[in-house]
Each structure stands twice: as structure tokens, then as C-alpha cells.
Amino acid sequence: MTIGAFARATGISAKALRSYDRLGLLSPADVDPDTRYRRYTADQVARGVAVRRLRELEVPLLEIAALLDGDRAELRARLLAHQARLAVRSLELRHALTRLQRLVEGKEPVMDDLSVSAVDAATHRRLAVDLFNRSWQLLERPERTPEEDDELVHVVHASRHHWGEVGTPAHLARGENQCARVYAALGRPEAALHHAQRALALVRAGGEGFADWDLASALEVTARAHLAVGNRAEAEQYAELARAELDAIADPDDREVIAAQVAELGL
């Protein structure tokens, strides 16, 4: 099956299929060495449909392979864990809807709810994490509406704001990193480069909370931003610097994620 036929059979876009191939989640059965055309078999359709269904259920992309390739007991355990995460989100949304209804009915004052003093450190952290995760969910969608593009910008900046209230230097750098990634994906190169350079400067300055993968990630997103601007030579330079830092990443999963992001640049 061609990639187009396989995309129609599974409901997954060709762009997403290429991404899943890079991650080793759903690789074609054959790739022509000359044309690079991808070919899939009919036997792979079931896995493709399963991947699509799990993504529709908001299962994190990096968990799907382990979920599909594990035994039945592991599958059940991972699904239950994801179900629990969604249940917590559902409770939070119901709580938010209840409070929103009280605002609509005039039973709660709007200004008091928006007071900065009412937001404690734990709330800042929870919102920062939830909004950051939401930005990834939107980024990974094969297609987004204009409204979802707007939401993507708002949530990534909101996450960065909340980390700015309670986060470590590492949290601030990762927030800037994600802003750069979002703007590159949206085709806004100047903003992408601005935030990428801020992320890299924060990582190089050091401080509390940094992990061994932060520098490689900051270099990769800087390459991505330069590519969005059209500075291919600079993009190649930063991509090569990012590759050089991969060996310093101890955890193989972290290393694989960033290596896939660098490979995605095509440099």
C-alpha cells in the first residue's frame, strides 16, 4: 500500500505517518532506496487504526509503542493509568464548569477570582504542567483549526508565566523552549528565534533543576528556529551541536526523543 492509501485506511495523515516512522511507532514495511517511497502492508492497518484510536484518547505518543507491544497485563495496567489521568482532568473540568456557571449567574465576583494573591505556589505549578502538556497535545495533532492554533499560543505562554512565578531556571528555559517550538510550528520565525535564543541563554547560564538533556534540546530548538527563519547554515550548525550533546544524555528514552527531533529537521 502507498502511504496515501495507508493514510486513508487508517485515518492517519501522511505527515503523522512519517513522524511515527521516525519514532519507530509505525514504520513502513518497505522504503524504496531510490525514490524513498514508503510502502505498507494490509497487515499493518490494524496497528495503524489502534495508534489513531489511542491518540484520539489522548494517550501520550511516547507511551503508545510500549502499550501496543506489551502483553495483555501491561496493556491493561497502562490503560488504567491513563484512565486515571483522564479522570482527574475530567474532575478538574467539571469543577471549572461549575465555577464558570456561578460566574455567568453572577454568584461569584470575577475580580476576586482573578486576584494574583489568590494563586498559591501549588496552583501555579499544576497550571504550568497542565498547560505545558496541553501545548504538546495540540502540537502533535496532524491538523489544527485556526482556533486551536490560537489556543496553542495562549497555553504555551500561560505555562511559561506560571513557571515564572514558582519555577527553577530549568523550568524557565523549558518554557522558552516550548514557546520557540510552537512558533516554529506555526510559521512565525521571528518569535521562534527570539524564544529559542532565550532558552539557550538560560541553559548556558545554568542554575537549579537542569537535566543532562536540556542543552541538546535547546540547541535543537535553536536549529529549528533558524530553519524557520531561513538561516539554513546556522540551522545546520546548531543541529550538529545538538547531535554532539546526545552522548551526554544518560537515559536512552530522553536521548531517543531528542535524536528524533533533530532528525525531523532534515539537516
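On a predicted model such as this, the values are computed, not experimentally measured, just so you know.

S.K.: Whenever I open this one, the overall build of the protein confuses me. Can you help?
M.R.: Counting its secondary structure elements, the protein contains 13 helices and 2 strands. Computed over its C-alpha atoms, the radius of gyration of the protein comes to 20 Å, within 12% of the 18 Å expected for a compact globule of 267 residues. Viewed in the frame of its principal axes, the protein has a C-alpha envelope of about 65 × 40 × 35 Å. Counting across all 267 residues of the protein, residues that qualify as buried make up 33%. In the protein, of all internal contacts separated by at least 6 residues, the share reaching a separation of at least 24 is 55%. Of the accessible surface of the protein, which amounts to about 15100 Å², a share of 54% is contributed by carbon and sulfur atoms.

S.K.: Teacher, can you tell me more about a nonpolar patch on the surface here?
M.R.: A grouping of Leu 97, Leu 100 and Val 104 is seen on the molecular surface, where their side chains present a nonpolar patch of about 310 Å² in accessible area. Along the chain, Leu 97 falls in helix α5 (residues 72–104). Its relative accessible area of 55% is what places Leu 97 among the exposed residues.

S.K.: Just checking my understanding: could you explain the packing of helix α9 (residues 169–185) against helix α11 (residues 214–229) for this structure?
M.R.: Axis angle and axis distance: for two packed helices, these are the angle between their axes and the distance between the axes, and together they describe the pair. Running from N to C, α9 and α11 cross one another at 30°; their axes reach a closest spacing of 9 Å. With respect to their mutual orientation, α9 and α11 come out roughly parallel. Once α9 is placed against α11, the crossing between them reads as left-handed. Residues Arg 174, Asn 177, Ala 180, Arg 181 and Ala 184 of α9 form the contact with α11, whose own contacting residues are Asp 214, Ser 217, Ala 218, Glu 220, Val 221, Arg 224 and Ala 228. Its residues placed into classes, the contact of α9 with α11 shows 5 nonpolar, 2 polar and 5 charged.

S.K.: How do you make sense of a negative patch on the surface when you look at a structure like this?
M.R.: A grouping of Asp 212, Asp 251, Asp 253, Asp 254 and Glu 256 is seen on the molecular surface, where their side chains present a negatively charged patch. Residue position: Asp 251 is located in the loop between α12 (232–245) and α13 (252–264). Residue classification places Asp 251 among the partly exposed residues on the basis of a relative accessible area of 34%.

S.K.: Any chance you could explain unusual backbone geometry here in plain terms?
M.R.: Generally, phi is negative for residues other than glycine and the peptide bonds are trans, each holding for most cases. Here the phi dihedral of Arg 36 falls at roughly 65°; this positive angle occurs in a residue that is not glycine. The exposure class assigned to Arg 36 is exposed, which follows from its relative accessible area of 53%. The backbone of Glu 58 sits at a positive phi, close to 65°, despite the residue not being glycine. Note on placement: Glu 58 falls in the loop between α3 (45–56) and α4 (61–69).

S.K.: Looking at this structure, I do not really get the pattern of salt bridges. What am I missing?
M.R.: Opposite charge on two side chains allows them to pair when their charged atoms are near. Counted under the stated rule, the structure contains 21 salt bridges. In this structure, the salt-bridge partner of Arg 89 is Glu 58, at a minimum N-O distance of 2.3 Å. Placement of the pair is Arg 89 in helix α5 and Glu 58 in the loop between α3 and α4, with a sequence separation of 31 residues. The partner of Arg 144 in a salt bridge is Asp 149, and the shortest N-O contact between them spans 2.7 Å. Shared partners join several salt bridges into a network, and the residues in it are Arg 22, Arg 181, Glu 220, Arg 224 and Glu 264.

S.K.: So what exactly am I meant to see when it comes to α11 here?
M.R.: An ideal rise of 1.5 Å per residue puts 22 Å on 16 residues; α11 measures up with 23 Å between its terminal C-alpha atoms. In terms of burial, α11 is a largely internal element, 12 of the 16 residues being buried. Those residues of α11 lying buried are Asp 214, Ala 216, Ser 217, Ala 218, Leu 219, Glu 220, Val 221, Thr 222, Ala 223, Arg 224, Ala 225 and His 226. Within two residues after α11, Gly 230 carries a phi angle of roughly 105°, on the positive side.

S.K.: I'm lost on the environment of Ala 259 in this one. Help?
M.R.: In this structure, Ala 259 sits in helix α13. A sequence separation of 202 residues divides Ala 259 from Leu 57, and the C-alpha atoms of the two residues are 26 Å apart.

S.K.: What's the story with helix α10 (residues 189–205) in this structure? I'm lost.
M.R.: Since the α-helix advances by 3.6 residues per turn, residues separated by three or four positions end up pointing in the same direction. Over its 17 residues, α10 runs 24 Å from end to end, which matches the ideal 24 Å to within 8%, given 1.5 Å per residue. Every buried residue of α10 is listed here: Ala 192, Leu 193, His 195, Ala 196, Ala 199, Leu 200 and Val 203. Check the buried side of α10 and you find it contacts α8 (146–166), α9, α11 and α12. Note on α10: the residue one or two positions beyond its end, Gly 206, has a positive phi of about 75°.

What counts as what
- Residues numbered from 1 in each chain as written.
- Predicted model: local features only at pLDDT ≥ 70, side-chain atom pairs only at ≥ 80, totals over all residues.
- Heavy atoms only, no water.
- Helix = DSSP H or I, 4+ residues; strand = E, 2+ residues; numbered from the N terminus.
- Rg over C-alpha atoms; globule rule 2.2 N^0.38 Å.
- Buried < 20%, exposed > 50% of the residue type's maximum accessible area, 1.4 Å probe, protein only.
- Contact = heavy atoms within 4.5 Å.
- Areas by Shrake-Rupley, 256 points an atom, 1.4 Å probe, with all protein chains shown as cover.
- Patch = residues over 30% accessible without salt bridge, like charges linked within 9 Å, V, L, I, M, F, W, Y side chains within 5 Å.
- Salt bridge = Lys/Arg side-chain N within 4 Å of Asp/Glu carboxyl O.
- Axes fitted to C-alpha atoms, helices over the stretch in contact; angles between N-to-C directions.
- Parallel < 35°, antiparallel > 145°, perpendicular 65-115°, else oblique.
- Left-handed = near helix turned anticlockwise from the far one by under 90°.
- Nonpolar A, V, L, I, M, F, W, Y, C, P; charged D, E, K, R; others polar.
- Lys, Arg positive; Asp, Glu negative; His and termini not counted.
- Charge placed at Lys NZ, Arg CZ, Asp CG, Glu CD.
- Expected span 1.5 Å × (residues − 1).

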